[in-house]
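# Results of the structural survey
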Amino acid sequence: MEVKEYSNGEITIEWRAEKCVHAGICVRMLPNVYGPKARPWIKPMNATTEELVEQIGKCPSGALTYRKNR
């Protein structure tokens, strides 16, 4: 399974396209971060780490996860 990574320096967001059910929660919660038509489509610098963690926790499919950077 391919994993795409996007970092804001504090955390790295991992996205697994194959798991995504396109519920749209990410786009509705943080439209300045998630832009399905943009490239790259995830811009984690447009939100706080806390906002990103909260939103990722609501991803129903688990396609979005994160890890803390060292």
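Heads up: these notes are all about the structure in this document. (Residues numbered from 1 in each chain as written. Predicted model: local features only at pLDDT ≥ 70, side-chain atom pairs only at ≥ 80, totals over all residues. Heavy atoms only, no water.)

## A closer look at the overall build of the chain
This is how it is decided: By the criteria applied, helices consist of DSSP H or I runs no shorter than four residues and strands consist of E runs no shorter than two, each listed in order from the N terminus. Per-residue accessibility, obtained with a 1.4 Å probe over protein chains only, is compared with the maximum for each type, and a residue is labelled buried under 20%, exposed over 50%, and partly exposed between these values. Any two residues whose heavy atoms approach within 4.5 Å at even a single point are treated as in contact. The Shrake-Rupley method, run with a 1.4 Å probe, gives the accessible areas here. Residue values count only the displayed protein chains as cover. Neither His nor the chain termini are counted; the positive set is Lys and Arg, and the negative set is Asp and Glu. Where a charge lies is defined by one atom per residue type: Lys uses NZ, Arg uses CZ, Asp uses CG and Glu uses CD.
The number of helices and strands found in the chain is 2 helices and 3 strands. Beginning at the N terminus, the succession of helices and strands in the chain can be written as β-β-α-α-β. Structurally, the chain occupies a C-alpha span of about 30 × 25 × 25 Å along its principal axes. Within the span of the chain, comprising 70 residues, buried residues form 34% of the whole. By sequence separation, contacts in the chain at least 24 residues apart represent 56% of the contacts at least 6 residues apart. As displayed, the chain has an accessible area near 4,600 Å², and 52% of this comes from carbon and sulfur atoms. Separation of charge centres in the chain, based on 11 positive and 8 negative side chains, amounts to 5 Å.

## Some words on unusual backbone geometry
In this structure, Pro40 follows Arg39 across a cis peptide bond, with omega equal to -5°. A positive phi angle is found at His22, which is not glycine, with a value near 55°. Along the chain, the position of His22 falls in the loop between strand S2 (11-15) and helix H1 (25-29). Judged by its relative accessible area of 65%, His22 is exposed.

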